[in-house]
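# Structural features, examined
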Amino acid sequence: MGIKGKIAWRFMAEKIHAGAYKGLVQAIIAHFLEEYGDPVKANALLKKLGRATGEYIYTTYLAATKRPAKNLRDLVPTYNLGFKYFTGKEFDEITFEEKGKDVFITYRVRECPLCKGLHSPHPEIFMCNVVAGIFEWIEEQRLEDWNAESVTCNETKCRARGDPYCEFQYHFKLK
Amino acid sequence: MSKKIIEELAEKITNSLPVRSRLAIIGDTGQVFHSTLTSEAKEAAEKIAKIGLPLWDVGDYQVKRLKNSQLLVYKITNRLALALDSIEREGVLILAAKKVASMFNNELNKLEELLEAAPTYEIEKPTLPPAPLKTEERKTPSIPPTSPVTPPPSAPPPTTLPSVKPAAKFETVNIPVLVDKSVLKKVKDKLVRSILELCDGSHTTSEIAKKLNIPRSRVLITLGNFSKAINYISGVRKVEE
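First things first, this report covers the structure right here in the doc. Here the structure is a predicted model, which means the values were calculated and not measured.

Attention shifts here to the overall build of chain A. Scanning chain A from terminus to terminus reveals 6 helices and 4 strands. Listed by position from the N terminus, the elements making up chain A come as α-α-α-α-β-β-α-α-β-β. Counting every position in chain A, which comprises 175 residues, the buried fraction comes to 48%. For chain A, the proportion of contacts with a sequence separation of at least 24, taken over those separated by at least 6, is 61%. Split by element, the accessible area of chain A, about 8800 Å² in all, is 53% carbon and sulfur.

Here you go:
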């Protein structure tokens, strides 16, 4: 992130206290478990919430940065900038892997600001899965641009459930 | 009943307006309680109020340019809009509406209560029904196979299943509104212009994409480039089946 990005994050990005977000996530998970009693479903619903947030987040990001990804490889710096814009933190590690018509992009963050201090009530619940839902929704809108037929994004590791880092993995299937 | 109160209040508002303007008081399902608007302005105000009021916060508004005037629809209470139609500039109309909102806050809230109590003013509230979202996915306690199932003597087995109305579907929506129309003069690209012209407060980004037969991402990215001229009305709405 350059100096402009740092200034944008410090002075221009609207912020709320991380505790407010984490408290809300906790309450939502408790509600899902109470309502459905099924951690797998609770986890899927977290992602669904993220998907429903996708447009709001993407328009906010575009309005602030005017920097949509130009190609699949550009998703590496683009999502780094987006994560920084919304959380103040960059990813620690990003990998881009192409296997024939399958493209995998993996983002890892060790001190994830979204779940730091939270403890997942069940190993099937990835507490930052909302983020995976947001990512998935955004790239679904761009399938045509990437000449892809489908995309999924999941949180595959989460510090809140004892993993060493939070990990979000994209899987694009190209046409 | 409340008609007299509405007329009196409308007269007071008219007299207090710092500008010459026709006005209307409109409810959140588009019903007009009082109007001195022209038919063109009235029709537009009804449509805007119907679409906008359930999504807006109090104080939100939309301005529409008519042939010879400007129409402002301003959410003045939770369920009422004030429409002003005047040759005055947008900013002046907004200030006038804000003034009315602060001057007549109590009367407008009382009027809203009266209208809510009236039997003719029935509005389908855009809130989730108390029923579970998906009844079929609710867990039912399992009965051990060894325990005999015997219905209580006072409760005969039902002959027909009670009909369960499925919960309505809702979606998050973001409706772009072009607030600075002067950008249209600077835009030469036809498609970009068409996208911006559809940012009239009544189309979602998805609807704009469908209308122009382009991917939604194109709309989102284009609007991102005009962030200073675009405001979003963000809310939740019922998905029409």
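Right, let's talk about the interface of chain A and chain B for a bit. With 18 residues of chain A in contact, the opposing surface of chain B contributes 18 residues. Of the roughly 1700 Å² buried between chain A and chain B, counting both surfaces, carbon and sulfur atoms make up 52%. There are 1 salt bridge connecting chain A and chain B. Linking R216(B) and E55(A) is a salt bridge whose minimum nitrogen-to-oxygen distance equals 2.9 Å.

Our focus in this paragraph is the packing of aromatic side chains. All told, the structure shown has 13 aromatic pairs over all chains when counted by the stated rule. When the centroid spacing of 5.6 Å and the interplanar angle of 80 degrees are considered together, the rings of Y79(A) and Y170(A) count as edge-to-face. Linking Y79(A) in helix α4 (residues 75-87) with Y170(A) in strand β4 (residues 166-174), this pair joins segments that are 91 residues apart in sequence. Overall, the relative accessible area of 6% leaves Y79(A) in the buried class. Centre to centre, the rings of Y61(B) and Y74(B) are 6.4 Å apart; their planes meet at 5 degrees, and the pair counts as stacked. Separated by 13 residues along the polypeptide, Y61(B) in strand β3 (residues 61-65) and Y74(B) in strand β4 (residues 70-75) bring together distant segments of the chain. Overall, Y61(B) belongs to the partly exposed group, its relative accessible area being 33%. With relative accessibility at 5%, the residue Y74(B) sits in the buried group. Put simply, the rings of Y79(A), F83(A), F91(A), Y107(A), F135(A), F168(A), Y170(A) and F172(A) pair up and form one aromatic cluster.

A separate point is the nonpolar core. Grouped together as the largest cluster of nonpolar side chains are 51 residues, with contacts concentrated most on L75(A), C128(A), F135(A), F168(A), Y170(A) and F172(A). Not counting residues up to four positions away in its chain, the partners in contact with F168(A) are F91(A), I105(A), T106(A), Y107(A), C128(A), V131(A), A132(A), F135(A), C153(A), N154(A) and E155(A). Residues I25(B), L80(B), L82(B) and I94(B) belong to the second largest nonpolar core, which totals 25 residues.

Put simply, side chains in a regular strand alternate between the two faces of the sheet. All names here are of chain A. One ladder, built from 7 bridges, connects strand β1 (residues 93-99) with strand β2 (residues 102-109); its direction is antiparallel. Within β2, the residue paired with K99 across the bridge is D102. Connecting the antiparallel pair β1 and β2 is a turn made up of 2 residues, with G100 showing a positive phi of about 65 degrees.

Residue and element names in this part refer to chain B. Overall, antiparallel pairing links the 5 strands, which are arranged β2-β1-β5-β4-β3 in an open sheet. Strand pairing shows two members of the sheet lacking a second neighbour, β2 (32-35) and β3, which therefore form its edges. Ignoring which end each strand starts from, the neighbouring axes of this sheet average 15 degrees apart. The pairing of strand β1 (residues 22-27) with strand β5 (residues 80-86) spans 6 bridges and is antiparallel. Residue pairing across strands places R22 opposite D85, the latter belonging to β5. Helix α2 (residues 39-52) rests against β1, β2, β3, β4 and β5 of the sheet, and its axis sits at about 30 degrees to β4. Against the sheet, helix α3 (residues 90-103) contacts β3, β4 and β5, and its axis sits at roughly 35 degrees relative to β4.

Residues and elements named next belong to chain A. Interhelical geometry of helix α3 (residues 39-65) versus α4 gives an angle of 95 degrees and a closest axis separation of 11 Å. Here α4 runs roughly perpendicular to α3, going by the angle between their axes. The residues of α4 that touch α3, namely those facing I57, T60, Y61, A64 and T65, are T78, L81, G82, Y85 and F86.

Let us now look at unusual backbone geometry. A negative phi angle characterises most non-glycine residues, just as the trans form characterises most peptide bonds. Residues and elements named next belong to chain A. For K66, which is not glycine, the phi dihedral falls at a positive 55 degrees. Note that K66 resides in the loop between α3 and α4. The backbone of N147 shows a phi angle near 55 degrees, a positive value even though the residue is not glycine. Mapped onto the secondary structure, N147 falls in the loop between α6 (143-146) and β3 (148-157). Taking relative accessible area as the criterion, N147 reaches 44% and is therefore assigned partly exposed.

What counts, and where the lines are drawn
Residues numbered from 1 in each chain as written. Chains lettered and ligands numbered in written order. Predicted model: local features only at pLDDT ≥ 70, side-chain atom pairs only at ≥ 80, totals over all residues. Heavy atoms only, no water. Helix = DSSP H or I, 4+ residues; strand = E, 2+ residues; numbered from the N terminus. Buried < 20%, exposed > 50% of the residue type's maximum accessible area, 1.4 Å probe, protein only. Contact = heavy atoms within 4.5 Å. Areas by Shrake-Rupley, 256 points an atom, 1.4 Å probe, with all protein chains shown as cover. Buried area = accessible area lost by both parts, 1.4 Å probe. Salt bridge = Lys/Arg side-chain N within 4 Å of Asp/Glu carboxyl O. Phe/Tyr/Trp six-rings, centres within 6.5 Å; stacked < 30°, edge-to-face > 60°. Core = buried A, V, L, I, M, F, W, Y, C linked by side-chain atoms within 4.5 Å. Pairing = 2+ DSSP bridges. Axes fitted to C-alpha atoms, helices over the stretch in contact; angles between N-to-C directions. Parallel < 35°, antiparallel > 145°, perpendicular 65-115°, else oblique.

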